[in-house]
Amino acid sequence: MAHLFPLLVALVVTSYSPVGSQACDLAQNHGQLNRNILVLLHQMRRISTFLCLKDRRNFKFPQEMMEGSQVQKAQAMSVFHEMLQQIFNLFLTEHSSAAWNTTLLDQLHAGLHQQLAHLETCLVQVMGEGESAGAIRSPALTLRMYFQGIHVYLKEKKYSDCAWEVVRVEILRSLFLATNLQERLRSKDGDLGSS
């Protein structure tokens, strides 16, 4: 039952929010939702990162996806969507529920769910504009492999507090890089969702 509550909250939030009815305006919606998720991840900190230096790991975030100058709208949205879906899945596990403050975790789930719903709407719109589905497959696979490495790390470390802290910091870093890509694309083309 504890796992159903965050999903119910997310469904209620999205059913009463204008996300589904608005045009794809990432400048307004996605940016604010992303900032809210970053704030929640900062608030979730339970122990000092310095206590966990021995547990650090290079997860080899696929930074090249965030640095390309020729990134297409559909590919960028696919990267954001896949990242958020994988983060949602990571923080939806039973081990995650035991590791974090449940109120913050529920808020994170609701925020991620809302952002995923908005991005799905945007992806449908962009794909309707003729972007290639092939352009989005490779980044999604690369991100799945990256997050699989995070899952393996947590299991190896027996889901310790330090392992979760290392992962929390890694997720913050990867979301920050995704936000930077979004800002670059927005300044280059205007909003990602604009025609």
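Residues numbered from 1 in each chain as written. Predicted model: local features only at pLDDT ≥ 70, side-chain atom pairs only at ≥ 80, totals over all residues. Heavy atoms only, no water.

(A) Structural context of the overall build of the protein chain. Counting its secondary structure elements, the protein chain contains 8 helices and 0 strands. Starting at the N terminus and walking to the C terminus, you meet the elements of the protein chain as α-α-α-α-α-α-α-α. Burial analysis of the protein chain (195 residues in total) assigns 47% to the buried set. Across the protein chain, the fraction of contacts at a sequence separation of at least 24, relative to all contacts at a separation of at least 6, is 89%. On the protein chain, roughly 9,800 Å² of surface is accessible, and the fraction owed to carbon and sulfur atoms is 57%. (Helix = DSSP H or I, 4+ residues; strand = E, 2+ residues; numbered from the N terminus. Buried < 20%, exposed > 50% of the residue type's maximum accessible area, 1.4 Å probe, protein only. Contact = heavy atoms within 4.5 Å. Areas by Shrake-Rupley, 256 points an atom, 1.4 Å probe, with all protein chains shown as cover.)

(B) Highlighting the environment of Asn34. In this structure, Asn34 sits in helix 2 (residues 29–43). On the basis of relative accessible area, Asn34 is assigned to the buried category, the value being 3%. For the pair formed by Asn34 and Gln115, sequence separation is 81 residues and the distance between their alpha carbons is 7.8 Å.

(C) Highlighting unusual backbone geometry. You will see that Lys158, though not glycine, has its phi angle at about 55 degrees, which is positive. Residue placement: Lys158 occurs in the loop between helix 7 (134–156) and helix 8 (161–189). Overall, the relative accessible area of 71% leaves Lys158 in the exposed class. Unlike most non-glycine residues, Tyr159 shows phi in positive territory, near 55 degrees. Position of Tyr159 relative to the elements: it lies in the loop between helix 7 and helix 8. Taking the relative accessible area as the measure of exposure, Tyr159 reaches 26% and is therefore partly exposed.

(D) Representation of the nonpolar core within the structure. By size, the foremost hydrophobic cluster in this structure holds 49 residues, and its most contacted members are Leu41, Phe91, Leu108, Ile150, Ile171 and Leu175. Looking at this core, the elements with two or more residues in it are helix 2, helix 3 (64–67), helix 4 (73–90), helix 6 (102–128), helix 7 and helix 8. In terms of residue count, helix 8 provides more of this core than any other element does, 11 residues in total. Other than its neighbours up to four places away in sequence, Ile150 contacts Phe59, Leu90, Val167, Glu170 and Ile171. (Core = buried A, V, L, I, M, F, W, Y, C linked by side-chain atoms within 4.5 Å.)

No statement about biological role is implied by the geometric values presented.
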